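# Analysis of the macromolecular model
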Amino acid sequence: MQADGTGRGTLRLVLGDQLSAPDRLSSLRDLDPSRDVVLMAEVRSELTYVRHHKQKIVHTLASMRGHAEALQARGVTVRYVRYDDPGGEPDLPGEVKRALRDQPFDRVVMTRSGEHRLEAAFDSLEAELDLPFERREDDRFIASLSEFFDWSRGKASLTMEFFYRQMRRKTGLLMDGAEPCGGQWNLDKENRKRPPASLKAPERLLIAPNAVARELMVAVERDFPDNFGTLAAFAYATTVEDAERLADHFFADVLAGFGDHQDFMRLGDPWLWHARLSAALNIGFLDPLDLCRRAEAEYRAGRAPLNAVEGFVRQILGWREYVRGVYWLRGPEYKLINALDADRELPWFYWSAETDMACVKDAVETTRDHAYAHHIQRLMVTGNLAMLLGVHPDPVDDWYMVVYADAYEWVELPNTHGMATFADGGIVGSKPYAASGTYINRMSDYCTGCRYDVKERTAENACPFNALYWDFMARNAPRLRDNPRIGFAYQTLDKMGPQEREAITVRAEALKTRFGATPRPINR
């Protein structure tokens, strides 16, 4: 349909994770401030479709309000609806229809959303409207969806490494002509060093909440009192300027140490050498390609080693772009896959942190206090444990969506459903990232003061990860034994005698019961 040419302007809907400058957001590039209106709405459905971490709500709403003010300062007319507006609609399509009732427009324009459920809602809205509704592609990513789909076509497996290499060639990032800098594409093996206990992580820039965020902290405690998380340590950037300050700090003071120790975990030290930029990136403040180029510039200038810069670039240029592509390629049905037939409940300590396992306690407490945990805590502690216990994918997927400030379904679901729990059966990861306490001991200092003995398998004081790991491998042998990446585990398992195998099963079942990882009702 074409605009009717009456000159009534365009209603432009901007979502809560589209807080990018007009020249970066497809829906606003042809904005005419003299005629158009930008609609932004804090609707209840978006605040409650999962019970978001309190810091996620504050971060999103404070960022939206600040972004609206920045647009208004540019001379843009913004129709802004707060979640406590007594006349507000419960969802985004409702707010679009309310705006159209209040003022005539020639058309509605938006950048496509990042979630299947929202796209379905906007499909329905488009069918209802009697004026043009234009949904533009979100081109803030480095790879378009059509580019990813073309790359995936005809492939038996979607190996991220090969997509990443294509993206390196496309962008020229960390390339010396046709070859990768240093002669290797991937330096992941150089990202697993254990720092000496005396080595302190750099002091981190923590953004103090501005007046808008402080006002919202009070409101969220009042209106969402039962949501997960605390607000005392809120330190998220809620403006582009503060997000850029965080990026500047990372590149100048932190990046150089990121490569060596990015997979390490240390008790009570949540940030270590990690960037802490994902929330600002996913909400739209920062540009992914710009971050990659800035990291490359640090390497070219000799201020950061290649393994640090390549590791950072790989997480954005490779992994972030890849999981978005998988999410849209596989569609809503992806979430329904349960390849391991996992059928148990999520233990309560994922919410309370009331556990004697030092690694799990620290990861959950960090998550509760900061709406953050770095990727190895998410993958190899909380995700690994849920997979070993056989927790059904739904509560695991929901937990990850609730607890992290950077969680949007396009990025969180493939990471959780695919990488952390292998629920997708190998679409994202070529093997399940299952590990015993040995891995956690090697990549952290958690085991030193833990009440459980990481060297024991079946004793009462044995690290729970050990029996659960071998029980997981045994019960999934029909599915996993032929996987070449974990064949060594089955060689070890086959050498165990029947008494030891039985002791592992007994110990694992007792742990599942103790943790509350009980079978889910069949009708759930």
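Each chain carries its own residue numbering, running from 1 in the direction its sequence is written. Restriction of local features to residues with pLDDT of at least 70 applies here, the model being predicted, together with a cutoff of 80 or more for giving and counting side-chain atom pairs; totals for whole chains, interfaces and linings are based on all residues. No hydrogens and no water enter the side-chain calculation; it runs on all heavy atoms of the structure.

On to the overall build of the protein. Each helix is a run of H or I in the DSSP string that is no shorter than four residues. Each strand is a run of E no shorter than two, and both are numbered from the N terminus. Scanning the protein from N- to C-terminus turns up 21 helices and 7 strands. Atoms considered for the radius of gyration are the C-alpha atoms alone. The globule rule reads 2.2 Å times the number of residues to the power 0.38. In terms of C-alpha radius of gyration, the protein reaches 24 Å, essentially the compact-globule figure of 24 Å for 524 residues. Seen through its C-alpha atoms, the protein measures out along the principal axes to roughly 80 × 55 × 50 Å. The buried label goes to any residue with under 20% of its type's maximum accessible area, the exposed label to any with over 50%, and the partly exposed label to all in between, with areas taken from a 1.4 Å probe on protein chains only. A total of 524 residues make up the protein; the buried ones form 59% of that total. Within the protein, contacts between residues at least 6 apart in sequence are counted, and of these 77% link residues at least 24 apart. Carbon and sulfur atoms provide 50% of the accessible area of the protein, an area that totals close to 21,600 Å². Charge-centre separation for the protein: the mean point of 68 positive side chains lies 3 Å from the mean point of 78 negative side chains. What makes two residues a contact is simply this: any of their non-hydrogen atoms within 4.5 Å. Here the open area of atoms and residues is found with the Shrake-Rupley method and a 1.4 Å probe, where only the protein chains shown may cover a residue. By the counting scheme adopted, Arg and Lys are positive, Glu and Asp are negative, and His together with the chain ends is not counted. The location of each charge is read from NZ of Lys, CZ of Arg, CG of Asp or CD of Glu.

With that out of the way, let us pick up helix 7 (residues 211–223). By this rule the span expected of a helix is its residue count minus one, scaled by 1.5 Å. Between its first and last C-alpha atoms helix 7 spans 18 Å; for 13 residues at 1.5 Å apiece the expected length is 18 Å, and the two agree. N or O atoms within 3.5 Å of each other form a polar contact, as long as, within protein, one can give a hydrogen and the other can take it, and as long as residues adjacent in sequence are counted only when both atoms are side-chain atoms. Here helix 7 starts with a cap whose side-chain oxygen sits 3.2 Å from the backbone nitrogen of V212, and that cap is N210.

Glancing now at the packing of helix 6 (residues 160–171) against helix 11 (residues 306–330). All axes here are fitted lines through C-alpha atoms, helices being fitted over the stretch that makes contact, and every angle between N-to-C directions spans 0 to 180 degrees. Axis separation between helix 6 and helix 11 bottoms out at 9 Å; the angle between their running directions is 110 degrees. In terms of orientation, helix 6 lies roughly perpendicular with respect to helix 11. Taken together, the residues of helix 11 that come into contact with helix 6 (itself represented by M160, F163, Y164, M167, R168 and T171) are E310, V313, R314, L317, G318, W319, E321 and Y322. Under this grouping Gly is polar, as are all residues other than the nonpolar Ala, Val, Leu, Ile, Met, Phe, Trp, Tyr, Cys and Pro and the charged Asp, Glu, Lys and Arg. Classifying every residue of the contact of helix 6 with helix 11 by side-chain character gives 8 nonpolar, 2 polar and 4 charged. Roughly parallel means an angle under 35 degrees; roughly antiparallel, over 145; roughly perpendicular, 65 to 115; everything else is oblique.

This brings us to the packing of aromatic side chains. Here is the rule: rings of Phe, Tyr and Trp (six-membered ring for Trp) pair when centre to centre is within 6.5 Å. Planes less than 30 degrees apart are stacked, more than 60 are edge-to-face, and the remainder are tilted. The full count for this structure, using the stated rule, is 25 aromatic pairs. Here F228 and W351 contribute two aromatic rings whose centre-to-centre distance is 5.5 Å and whose plane-to-plane angle is 75 degrees, an arrangement assigned as edge-to-face. On the criterion of sequence distance, the pair formed by F228 in the loop between helix 7 and helix 8 (240–261) and W351 in helix 12 (residues 349–352) is long-range, its members being 123 residues apart. Classification of W351 by relative accessible area gives partly exposed; the value is 26%. Centroid distance W351 to W399: 6.5 Å. Interplanar angle 75 degrees. Geometry classified as edge-to-face.

What follows concerns the environment of W328. Within the fold, W328 resides in helix 11. It is 29 Å that separates the C-alpha atoms of W328 and F228, two residues lying 100 residues apart in sequence. Filtering out sequence-adjacent residues up to four positions away, W328 remains in contact with S113, G114, E115, H116, E119, L145, F149 and W410.

Attention now moves to the nonpolar core. Judged by nonpolar contacts, the single largest core of 156 residues is most densely connected at L255, F312 and Y322. With 13 residues, helix 11 is the largest single contributor of residues to this core. Every residue in contact with Y322, bar those within four places of it in the chain, is listed here: F148, W151, L158, T159, M160, F163, I427 and V428. Core analysis: the next-biggest nonpolar cluster, separate from the first, contains 21 residues, V81, V96, A99 and V108 among them. Working definition of a nonpolar core: buried Ala, Val, Leu, Ile, Met, Phe, Trp, Tyr and Cys residues. They are joined through side-chain atoms within 4.5 Å.

With respect to burial, strand 4 (residues 107–111) is a largely interior element, 5 of its 5 residues being buried. Here strand 4 shows no split at all, with R107, V109 and T111 on one side and V108 and M110 on the other all buried. Here, the term right-handed applies to a crossover whose path from the first strand over the helix to the second runs clockwise when the strands point away from the viewer. Crossover connection from strand 4 via helix 4 (residues 116–128) to parallel strand 5 (residues 133–136): handedness right-handed.

Helix 18 (residues 464–475) packs onto helix 14 (residues 375–389) with a crossing angle of 50 degrees between their chain directions and a minimal axis gap of 9 Å. As the angle between them shows, helix 14 and helix 18 are arranged oblique. For helix 14 against helix 18, the interelement crossing comes out left-handed. Taken together, the residues of helix 18 that come into contact with helix 14 (itself represented by M380, V381, N384, L385, M387, L388 and L389) are F465, L468, Y469, F472 and R475. Should the near helix be turned anticlockwise from the far one by less than a right angle, the crossing is termed left-handed; should it be turned clockwise, right-handed.

Right, let's talk about helix 14 for a bit. Over its 15 residues, helix 14 runs 20 Å from end to end, which matches the ideal 21 Å to within 8%, given 1.5 Å per residue. Given a residue, its bend is the angle between the two axes fitted to the seven residues that end at it and to the seven that start from it. Its axis deflected by about 35 degrees at G383, helix 14 carries its strongest bend there. The element helix 14 is extensively covered by neighbouring structure, given that 14 of its 15 residues are classed as buried. Positive phi appears at G390, one or two residues downstream of helix 14, with a value of about 80 degrees.

Turning to unusual backbone geometry, a few remarks are in order. Not every positive phi belongs to a glycine, and A371 is a case in point at roughly 55 degrees. Positionally, A371 belongs in the loop between helix 13 (358–370) and helix 14. Look at A371 and you get buried, because its relative accessible area is 2%. Backbone geometry places F422, a non-glycine residue, at a positive phi of 55 degrees. With respect to the element layout, F422 can be found in the loop between helix 16 (409–420) and helix 17 (437–442). A relative accessible area of 5% means that F422 is categorised as buried.

Along the chain, pLDDT gives the predictor's confidence residue by residue, from 0 to 100. Per-residue confidence for the protein gives a mean pLDDT of 96; residues scoring 70 or more make up 98%. A low-confidence stretch, residues 1–5 stays under pLDDT 50, and its non-local contacts, those more than four residues away or across chains, total 7 contacts.

Right, let's talk about the pattern of salt bridges for a bit. Put simply, a salt bridge is a Lys or Arg side-chain nitrogen that is within 4 Å of an Asp or Glu carboxyl oxygen. Taken as a whole and judged by the stated rule, the model has 60 salt bridges. Its salt-bridge partner being R520, residue E345 comes within 3.7 Å of it at the nearest N-O pair. Taken together, the residues span a long stretch of sequence, with E345 in the loop between helix 11 and helix 12 and R520 in the segment after helix 21 (498–515) at a distance of 175 residues. Residue classification places R520 among the buried positions, given a relative accessible area of 15%. Each of R12, D30, D36, R107, E134 and R136 takes part in a single network of salt bridges with overlapping partners.

We now examine the state of the cysteines. Defined by distance alone, a disulfide is two cysteine sulfur atoms within 2.5 Å. In this structure the tally under the stated criterion is 0 disulfides. Unpaired in this structure, C292 has its nearest cysteine sulfur neighbour in C181, at a distance of 13 Å. Looking at C463, it has no disulfide partner, and the nearest cysteine sulfur is the one in C447, 6.0 Å off. Judged by its relative accessible area of 8%, C463 falls in the buried class.

Moving on, we come to the sheet that holds strand 5. Strand pairing is assigned whenever DSSP identifies at least 2 bridges connecting the two strands. As summarised here, the arrangement of the 5 strands in space is 3-2-1-4-5, forming an open sheet in which the pairing is parallel. Each edge of the sheet is formed by a strand with only one pairing partner; in this case those strands are strand 3 (77–81) and strand 5. Ignoring strand direction, the axes of neighbouring strands in this sheet form an average angle of 25 degrees. Direction of pairing for strand 4 relative to strand 5: parallel, over a ladder of 4 bridges. Bridge pairing in strand 5 links T111 to R136. Sheet strands in contact with helix 4 are strand 1 (10–13), strand 4 and strand 5, and its direction is about 155 degrees off that of strand 5.

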